Amino acid sequence: ANEKKTDYRAELFYQPKHGYDRITAKERAALEEYAEAYKVFLNEARIEREAVKLSIAMAEERGFTEYVPGMALKPGAKIYYNNRDKALILAVIGKAPLSDGCVIAGAHIDAPRLDLKQNPLYEFDELGFFKTHYYGGIRKYQWVTIPLELHGVIVLKSGQSIRVSVGNGEGDPLFTIDDLLPHLATDQSKKPLHEAIPGESLNILIGSRPLRNDEGKDRVKIAILELLNRKYGMTEEDFISAELCAVPAFSARDVGFDRSLIGAYGHDDRVCAYASLAALLQVQNPRRTAICMLADKEEIGSEGVSGMQSAAFDAFLADLCASQNVPLRACYEKSFCLSADVTAAYDPNFADVYEKRNSAYINYGMGLCKYTGSRGKGGCSDA
């Protein structure tokens, strides 16, 4: 009669709890402060080059210095390695030797966009356009009739490198890609979604005003080149050595009456990159060396000298290990790495593509996806 009744449901069931039901007022205030800083990062870091530049500025404010191979590093030293202005590695040297391994957080700072081709500028029927090639897994229909910004770098014949950012400044012009009017799109509307907007039609409209007092061909094109020459000192040939891209011209904004969500371009994967960076910038005198790596080219397979398949990270850590006479392999064997990226949160509007029991949910904390890839886990490893 006095036997205690066991609440098996409470003890045995997995029962996730809504985040807003378990955080304190103090934690919520910290959450809001973090979210505001993240929005600033999203607005200022529109491409990977800008993410690297901004991250270095944030790091230098907190005592980080640029790493030079062979430099003396004591515990607590804060360093960063800039890989061609497109990828970044930051580290805080730990008290323990690197033979004990290090703690690594990695994420990518590139996002899908439209890259300008090497000879992009042309005039067609008295309108000026840029030819593009899409970068990463874009949904092409989402890129038409929206405002676009232009970002990147131009390298002149002199070797001078000029940063370009047009569209996110006060009074800046914007750009766009045309689409058909509804009553002219009968045939287009019959096509599958992925075919309705071909990649070859993603041409950015950049002007329509011809050069005055000129009776030659391509008057709009030459007028645009004259503007670019005046502002940047460039000629058409300089597009070949330029790296320019278009991104959506939307600032990060709160979504919903309750402002509970953030709508912005580039969440994938600046949401993880910013978290990794913000965490490392708070680290002081760790036991093991703490490292944050912000990589480029993830959207196209992590290739190239600034992607994770390059030797950049190995070379950086090998230099640190050599300064302590520790084999790189010994360091790796004892290290822990969190490779952070986004996963898809359950959306009831598209419930048929999710498995509810094993989906991530908004407001329930970090999303953990133990398997990705296709079919039999092809193309990935288990987490």
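Residues numbered from 1 in each chain as written. Predicted model: local features only at pLDDT ≥ 70, side-chain atom pairs only at ≥ 80, totals over all residues. Heavy atoms only, no water.

Undergrad: Go over the nonpolar core with me, naming the residues and quoting the values.
TA: One recurring pattern in soluble globular proteins is that nonpolar side chains are buried together. Membership of the largest hydrophobic core comes to 31 residues, with the highest contact counts inside it found for Phe130, Leu148, Ile154, Ile204, Tyr232 and Phe239. Of all the elements in the fold, those that place two or more residues in this core are strand 5 (113-124), strand 7 (148-155), strand 8 (161-166), strand 10 (204-207), helix 6 (219-232) and strand 11 (243-248). It is helix 6 that contributes the most residues to this core, 5 residues altogether. Apart from residues no more than four positions distant in its own chain, phenylalanine 130 is found in contact with Leu116, Pro120, Leu121, Tyr122, Leu150, Leu202, Asn203, Ile204, Ile206 and Phe239. Within the second largest apolar cluster, 29 residues are counted, among which are Tyr38, Leu54, Leu277 and Leu294. (Core = buried A, V, L, I, M, F, W, Y, C linked by side-chain atoms within 4.5 Å. Buried < 20%, exposed > 50% of the residue type's maximum accessible area, 1.4 Å probe, protein only. Helix = DSSP H or I, 4+ residues; strand = E, 2+ residues; numbered from the N terminus. Contact = heavy atoms within 4.5 Å.)

Undergrad: I'd like to hear about helix 2 (residues 25-44), residue by residue, with values.
TA: Along its 20 residues, helix 2 runs 29 Å from first to last C-alpha, staying within 8% of the 28 Å computed at 1.5 Å per residue. Every buried residue of helix 2 is accounted for by Ala35, Tyr38, Lys39, Phe41 and Leu42. One side of helix 2 carries all its buried residues, which in axial view fall inside an arc of 155°. Away from its buried face, by an angle of more than 90 degrees, helix 2 presents the exposed residues Ala25, Lys26 and Glu33. (Expected span 1.5 Å × (residues − 1). Arc of directions from axis to C-beta.)

Undergrad: Quick rundown of the sheet that holds strand 7? Include the residues and the values.
TA: Here 7 strands make up an open sheet; going across it, the order is 8-7-11-5-6-10-9 and the pairing antiparallel. Unpaired on one side and paired on the other, strand 8 and strand 9 (176-177) mark the two borders of the sheet. By the bridge criterion, 2 bridges tie strand 5 to strand 11 in an arrangement that is antiparallel. Bridging across to strand 11, leucine 114 finds its partner in alanine 246. (Pairing = 2+ DSSP bridges.)

Undergrad: Would you mind going over unusual backbone geometry in detail, with residue names and values included?
TA: Across the junction of aspartate 268 and aspartate 269, the peptide omega takes the value 10°, indicating a cis bond. Within the secondary structure, aspartate 269 sits in helix 7 (residues 267-281). If you check the backbone angles, asparagine 285 has positive phi at about 50° while not being a glycine. Looking at the secondary structure, you find asparagine 285 in the loop between helix 7 and strand 14 (289-295). The partly exposed category is assigned to asparagine 285, whose relative accessible area is 46%. In this structure, asparagine 325 is a non-glycine residue whose phi angle is positive, near 55°. With respect to the element layout, asparagine 325 can be found in the loop between helix 8 (312-323) and helix 9 (328-333).

Undergrad: Which residues make up the packing of helix 2 against helix 7, and what are the values?
TA: Two numbers describe how helix 2 lies on helix 7: the axes approach to 10 Å, and their chain directions differ by 120°. The angle between the axes of helix 2 and helix 7 places the two elements in the oblique class. The crossing of helix 2 and helix 7 is right-handed. Contacts between helix 2 and helix 7 involve Tyr34, Ala37, Tyr38, Phe41 and Leu42 from the former and His267, Arg270, Val271, Tyr274, Ala275, Leu277 and Ala278 from the latter. (Axes fitted to C-alpha atoms, helices over the stretch in contact; angles between N-to-C directions. Parallel < 35°, antiparallel > 145°, perpendicular 65-115°, else oblique. Left-handed = near helix turned anticlockwise from the far one by under 90°.)

Undergrad: Explain helix 8 residue by residue, including any values.
TA: In this model, helix 8 (12 residues) spans 17 Å end to end at C-alpha, consistent with the 16 Å of a helix rising 1.5 Å per residue. Looking at the buried side of helix 8, the elements it contacts are strand 2 (78-83), strand 3 (87-92), strand 4 (102-108), strand 14 and helix 9. Remark: asparagine 325 follows helix 8 within two positions and exhibits a positive phi of approximately 55°.

Undergrad: If you had to explain a nonpolar patch on the surface to someone new, which residues and values would you point to?
TA: A surface patch of nonpolar side chains, about 380 Å² in accessible area, is lined by Tyr8, Leu12 and Phe13. Summarising the element assignment, phenylalanine 13 is placed in the loop between helix 1 (8-12) and helix 2. (Patch = residues over 30% accessible without salt bridge, like charges linked within 9 Å, V, L, I, M, F, W, Y side chains within 5 Å. Areas by Shrake-Rupley, 256 points an atom, 1.4 Å probe, with all protein chains shown as cover. Salt bridge = Lys/Arg side-chain N within 4 Å of Asp/Glu carboxyl O.)

Undergrad: Quick rundown of the pattern of salt bridges? Include the residues and the values.
TA: Counting across every chain of the model gives 18 salt bridges. One salt bridge connects lysine 221 with glutamate 236, and the closest N-O pair in it is separated by 2.9 Å. Within this pair, whereas lysine 221 is found in helix 6, its partner glutamate 236 is found in the loop between helix 6 and strand 11, the two being separated by 15 residues in sequence. The network of salt bridges with common partners includes Glu48, Arg49, Lys86, Arg113, Asp115, Glu243, Asp296 and Lys297.

Taken by themselves, the reported measurements are silent on function.
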